[in-house]
Amino acid sequence: MARPPSDAEFTELVHASWPTLYRTAYLMLGDRGLAEDLVQTALAKTYASWGKVRDLGAARGYARTTMVNTATSWFRKKGWRNERPTEEFEEHPYDNDPSVRPAVMHALAQLPPRQRAVVVLRFYDDLPVAETAKALGCAEGTVKSQTSDALATLRILLGETVVPLESGATHD
Amino acid sequence: MTDRLATLMHGEVEALDIPAPPATEILGAGRRLHRRRVWTQRGAAAAGLALAAVTAAAVALSGGQSTGAGPATGKPPHVIAYAVDDTVYISDGTGATAVTMPEVAQTLYYTSAGVLVRTNKDGSSDGGAPFHFELVKPGGTAAKLALTLGDVVPSTDPSLPYLAYAAKGGGPLFQAVVHDISTDRTEAAIDIAGKFTWGGWEAPPVSLSGADVYVGTDDKTEVIDWQTGQTTTSDVVPGSALPDVEGGRLLRAGTGSTDVVDAQSGRVLLAISGAKEDGADLSPDGRFAIVRAGDGSVIYNVDTGAKVHVPSSDWGWSSDSEDVFRVDGSTMTTCSTSTGQCQDTSVPSVGKGAFVRYAGVTFES
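Some words on the interface of chain A and chain B
Okay, step 1: Taken together, the contacts link 53 residues of chain A with 44 residues of chain B.
Okay, step 2: The junction of chain A with chain B conceals about 4400 Å² of combined surface from both sides, 64% of it contributed by carbon and sulfur atoms.
Okay, step 3: Joining chain A to chain B, the criterion identifies 0 salt bridges.
Okay, step 4: The tally of links between chain A and chain B comes to 4 residue pairs in polar contact (both at pLDDT 80 or more).
Okay, step 5: Taken together, the elements giving at least two residues each to the side of chain A that touches chain B come down to α1 (7-29), α2 (32-48), α4 (56-76), α5 (104-109), α6 (113-124), α7 (129-136), α8 (140-158) and α9 (167-170) of chain A.
Okay, step 6: When residues of the side of chain A that touches chain B are assigned to their parent elements, the largest contribution, 11 residues, is made by α1 of chain A.
Okay, step 7: For the side of chain A that touches chain B, the per-class residue count stands at 29 nonpolar, 13 polar and 11 charged.

Listed below in structure tokens is the structure:
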């Protein structure tokens, strides 16, 4: 097993990876406090699993995967506040008046947690389907179907200007 | 075509006031997690070093082949647990505390949070669902978990507070679930890629060893790192079979022998000549192998190849694998797995025809 990093090495890793992980966590959870908790947990797990991480160069990727997996575990816990999607949407309520469109965070909050994670990983972190599936621990087909469902919802909420009709098919 | 969506998300988070990372707290939490996982690995490693000098001689005595790799997990506190019908007995070797269960105790699992008891209506393992779970803590108090399982094969690692099992997911896939029994919450639920049609259970059988959940799917065993969700296919653990990995080790039939094998590398750690695989078992931490031989048993130290003989062929394990034990009437016999020395202790009498289950032993069918 690889030796754990020195305190200085690990502290440097924490400072270097924190902003990126925090932004992704915030987009996935929509809550600053939860995002902070999530990133802390992911980095602590990364330290504890150093035998699998093996070197500092791979640690940031491992931390991100651990963070996403921890988040999906949170999503599955009973009572998670975003467990259920909003049941009904008003059809194209904002198309004609962009000034009253909800912020993207509000739109993301309408998605079920796993769909939200897929959207963040694919369109914010720019991960391809295969890597997204790997990070979420699910099949590529699941990522594709969740992407399609999520974009359909976002299209209703944000309008076709933001999410064009052909969006899902061209990003891979 | 989603450039605008990506731009909006970037815009949202670029404007965030990001707090400073609490690096010291993260480092402390990481250290605590690390210690919990490796437990007393340093102690085990030290013991391994001390024993390394006598390995060659021990191998000669055992008729086996030892390569001396350390176990994947350390050892939890010393506890002996067994059940008689709906009563669980917890012992430190000098007596036994009785704890009544709401149902018959079907299997007892050692964990770092206490003894986890799987119960059901009659103790049967075949068609015995639904199964419920009680956590018996070291002080002898029991708490019911909010967990009901069907006809599946769950697993624990004695150095961790988790129960792993597989279950039907929302779609066509199964999921490997890791449940934290100390908090009674699901810690992870990860899709299993492979199919499962063999075995007759509701979901593929699993084995928890450290951070890995081994899942016995059709023709292959998947190894899931439940913290990251990353899945690999094992080159060592056979598929379409119950993956019984203890402390990162498993038993495998060799040529004229039963071999103890490292579950990750496939390296043979100990070859036990003449032993049949179905007559052998590993200790909960994988440090010892017991082989039934006639009316008695032989216990091998996997790391050194040293062996001791104990009477009887029917044994349970202590939580730290330091002892095997059995109960006959009102006597509990414990034997050291290192020296073979045995001692008797008086315990509440077990009547004839009672349903007895020893901890550390698998009861699945």
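Having seen the model, we can carry on.
Side note on the pattern of salt bridges
Okay, step 1: In the structure shown here, the tally under the stated rule is 5 salt bridges over all chains.
Okay, step 2: R64 of chain A serves as the salt-bridge partner of D125 of chain A, at 3.9 Å between the closest nitrogen and oxygen. Of this pair, D125 of chain A sits in the loop between α6 and α7 while R64 of chain A sits in helix α4, and the two are 61 residues apart along the sequence.
Okay, step 3: Given a relative accessible area of 26%, R64 of chain A falls into the partly exposed group.
Okay, step 4: Where R249 of chain B meets D303 of chain B, a salt bridge forms, and the shortest distance between an N and an O atom there is 2.8 Å. One end of the pair, R249 of chain B, is in strand β16 (residues 249-253); the other, D303 of chain B, is in the loop between β21 (296-301) and β22 (307-311), with 54 residues separating them in the sequence.

Looking at unusual backbone geometry
All names here are of chain B.
Okay, step 1: In this structure, the amide linkage connecting A129 to the following residue, P130, adopts the cis form with an omega of 5 degrees.
Okay, step 2: If you trace the backbone, P130 turns up in the loop between β5 (114-120) and β6 (131-136).
Okay, step 3: We note that D184 has phi near 55 degrees; this positive angle belongs to a residue other than glycine.
Okay, step 4: By the secondary structure assignment, D184 is in the loop between β10 (174-180) and β11 (185-192).

Examining the packing of α1 of chain A against α6 of chain A
Residues and elements named next belong to chain A.
Okay, step 1: Remark: α1 packs on α6, axes separated minimally by 8 Å, with the N-to-C direction vectors making an angle of 140 degrees. Put simply, α1 runs oblique to α6. Like other packed secondary-structure pairs, α1 and α6 cross with a definite hand, here right-handed. Contact residues: R23, T24, Y26, L27, M28 and L29 in α1; R116, A117, V120, L121 and Y124 in α6.
Okay, step 2: Along the lines of polarity and charge, the residues of the contact of α1 with α6 split into 8 nonpolar, 1 polar and 2 charged.

Examining the sheet that holds β10 of chain B
All names here are of chain B.
Okay, step 1: Strand order in this open sheet of 4 strands is β8-β9-β10-β11, and the pairing throughout is antiparallel. Where the open sheet ends on each side, the last strands, each with one partner, are β8 (155-156) and β11.
Okay, step 2: Where strand β9 (residues 162-168) lies against β10, 7 bridges are found, and the strand directions are antiparallel. Among the inter-strand pairings, L163 is bridged to a residue of β10, identified as H179.

Considering the state of the cysteines
Residues and elements named next belong to chain B.
Okay, step 1: Enumeration over the complete set of coordinates arrives at 1 disulfide over all chains.
Okay, step 2: Here C335 connects covalently by a disulfide to C342, the sulfurs 2.0 Å from one another. Judged by the sign of its S-S torsion, about 105 degrees, the cystine formed by C335 and C342 is right-handed.
Okay, step 3: Relative accessible area serves as the criterion here: at 0%, C335 is assigned to the buried category.

Details of the confidence of the model for chain B
Okay, step 1: For chain B, per-residue confidence averages 83 on the pLDDT scale, and 85% of positions sit at 70 or higher.
Okay, step 2: Across residues 37-74 of chain B the pLDDT falls below 50, and counting only partners more than four positions away or on other chains, this stretch makes 71 contacts in the model.

Remarks on empty space enclosed by the protein
Residue and element names in this part refer to chain B.
Okay, step 1: One pass over the structure, following the stated rule, counts 1 cavity of 30 Å³ or more.
Okay, step 2: In this model, the largest cavity occupies a volume close to 300 Å³.
Okay, step 3: Around the largest cavity, the lining comprises 22 residues; the ones closest to its centre are Y109, S155, T156, E246 and T362.
Okay, step 4: Ranked by the residues each element gives to the lining of the largest cavity, the list is headed by strand β4 (residues 104-111), at 4 residues.

What counts, and at which threshold
Residues numbered from 1 in each chain as written. Chains lettered and ligands numbered in written order. Predicted model: local features only at pLDDT ≥ 70, side-chain atom pairs only at ≥ 80, totals over all residues. Heavy atoms only, no water. Contact = heavy atoms within 4.5 Å. Buried area = accessible area lost by both parts, 1.4 Å probe. Salt bridge = Lys/Arg side-chain N within 4 Å of Asp/Glu carboxyl O. Polar contact = N/O pair within 3.5 Å; in protein donor to acceptor, adjacent residues only side chain to side chain. Helix = DSSP H or I, 4+ residues; strand = E, 2+ residues; numbered from the N terminus. Nonpolar A, V, L, I, M, F, W, Y, C, P; charged D, E, K, R; others polar. Buried < 20%, exposed > 50% of the residue type's maximum accessible area, 1.4 Å probe, protein only. Axes fitted to C-alpha atoms, helices over the stretch in contact; angles between N-to-C directions. Parallel < 35°, antiparallel > 145°, perpendicular 65-115°, else oblique. Left-handed = near helix turned anticlockwise from the far one by under 90°. Pairing = 2+ DSSP bridges. Disulfide = S-S within 2.5 Å. pLDDT = per-residue confidence, 0-100. 1 Å grid on protein atoms, 1.4 Å probe; cavity = no way out; pocket = protein on both sides within 12 Å on 5 of 7 lines; lining within 4 Å. Points joined across faces, edges and corners; volume = space filled by probe spheres on them.

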